[in-house]
Each structure stands twice: as structure tokens, then as C-alpha cells.
Amino acid sequence: MKPVTVLSAGTWGITLATLLAEKGEPVRVWEYDPAVVRELTKTHLHPKLPGMEIPHDLPITSDMAEALHGSEAIVCVVPAAHVRQTCRPGLPP
């Protein structure tokens, strides 16, 4: 099965990715801020989602190409004001 890529490690993105991962779906998360990626990967906790642990095997990256490579589906959950600038680099020419 090909993975699903979730764009954004905000509350919606992490919640969706965690639910998919817990159901056994291959999923990975892209986050624009490398510092956020480091913190989420280190703690497996989202500061705005107390009590919800991020699966240890859920890949989170700030590398868009890595996140999109071979994905079956892309779920964009970035704030509306940032959709265009986030999604444009991942679109085919």
C-alpha cells in the first residue's frame, strides 16, 4: 500500500495522521518548520493536544519531496492563508 501524506503537523494534521497510523495505514507528515519536526519527533507529543501520543513510527519531515515521494494521497490541512504557497511546490509542472 502506498502512503498518505498529511501536509501540516498542526492539531488537525497530527490528529488525522495519528488516527490513520493507529488503523495501520501507511502515513507520513510534512511540517514546514524543522524545529517543530525535531520537537514532535523527540517528544511524540503535540503541545496543543495534551494526552495524545504521536506514534513513534510516524514519520514527520520538513522535506516536501521526501514527504510526497510515492504517496497515494495528499491531505492538505494547512491554514487557508497558506494553502497556495504550501501546495504549489508539490504540484507537477
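Residues numbered from 1 in each chain as written. Predicted model: local features only at pLDDT ≥ 70, side-chain atom pairs only at ≥ 80, totals over all residues. Heavy atoms only, no water.

Asker: Outline the overall build of the protein, listing residues and values.
Answerer: The helix and strand tally for the protein stands at four helices and four strands. Taken from the N to the C terminus, the helices and strands of the protein come in the order β-α-β-α-β-α-β-α. Relative to the globule expectation of 12 Å for 93 residues, the C-alpha radius of gyration of the protein, 12 Å, shows essentially globular dimensions. Projected onto its principal axes, the C-alpha coordinates of the protein cover approximately 40 × 30 × 20 Å. By the burial criterion, 34% of the 93 residues in the protein qualify as buried. Pairs at least 24 apart in sequence give 63% of the contacts found in the protein among residues at least 6 apart. Here the protein contributes 8 positively and 10 negatively charged side chains, and the mean placements of these two sets differ by 8 Å. (Helix = DSSP H or I, 4+ residues; strand = E, 2+ residues; numbered from the N terminus. Rg over C-alpha atoms; globule rule 2.2 N^0.38 Å. Buried < 20%, exposed > 50% of the residue type's maximum accessible area, 1.4 Å probe, protein only. Contact = heavy atoms within 4.5 Å. Lys, Arg positive; Asp, Glu negative; His and termini not counted. Charge placed at Lys NZ, Arg CZ, Asp CG, Glu CD.)

Asker: Talk me through the sheet that holds strand S4 (residues 73–76); I want residue IDs and the actual numbers.
Answerer: Taken in spatial order, the four strands make up an open sheet running S3-S2-S1-S4, and their pairing is parallel. Strands at the two margins of the open sheet, each flanked by one partner only, are strand S3 (60–61) and S4. Relative to strand S2 (residues 27–30), strand S1 (residues 4–7) is paired through four bridges, and the arrangement is parallel. Among the inter-strand pairings, Leu-7 is bridged to a residue of S2, identified as Trp-30. Contacts between helix H1 (residues 11–22) and the sheet are confined to S1, S2, S3 and S4, with S2 contributing the most and set at about 165° to the helix. (Pairing = 2+ DSSP bridges. Axes fitted to C-alpha atoms, helices over the stretch in contact; angles between N-to-C directions.)

Asker: Go over the nonpolar core with me, naming the residues and quoting the values.
Answerer: Grouped together as the largest cluster of nonpolar side chains are 13 residues, with contacts concentrated most on Ile-14, Val-29, Leu-58 and Ile-60. Every element with two or more residues in this core is listed here: S1, H1, S2 and helix H2 (34–43). Discounting residues that sit within four places of it in the chain, Ile-14 has contacts with Ser-8, Ala-9, Val-29, Leu-40, His-46, Leu-49, Met-52, Ile-54 and Ile-60. (Core = buried A, V, L, I, M, F, W, Y, C linked by side-chain atoms within 4.5 Å.)

Asker: Pulling in residues and values, what's your account of H1?
Answerer: A rise of 1.5 Å per residue sets the reference length of H1, with its twelve residues, at 16 Å; its end C-alpha atoms lie 16 Å apart and thus fit the reference within 8%. Buried within H1 are the following residues: Gly-13, Ile-14, Ala-17 and Thr-18. What you see down the axis of H1 is that its buried residues fit within an arc of 125°, all on one side. Away from its buried face by more than 90 degrees, H1 exposes Trp-12 and Glu-22. (Expected span 1.5 Å × (residues − 1). Arc of directions from axis to C-beta.)

Asker: Any details on the environment of Ala-80? Residues and values, ideally.
Answerer: Mapped onto the fold, Ala-80 is located in the loop between S4 and helix H4 (83–87). Distance from Ala-80 to Gly-10, taken between C-alpha atoms, is 13 Å for residues 70 residues apart in sequence.

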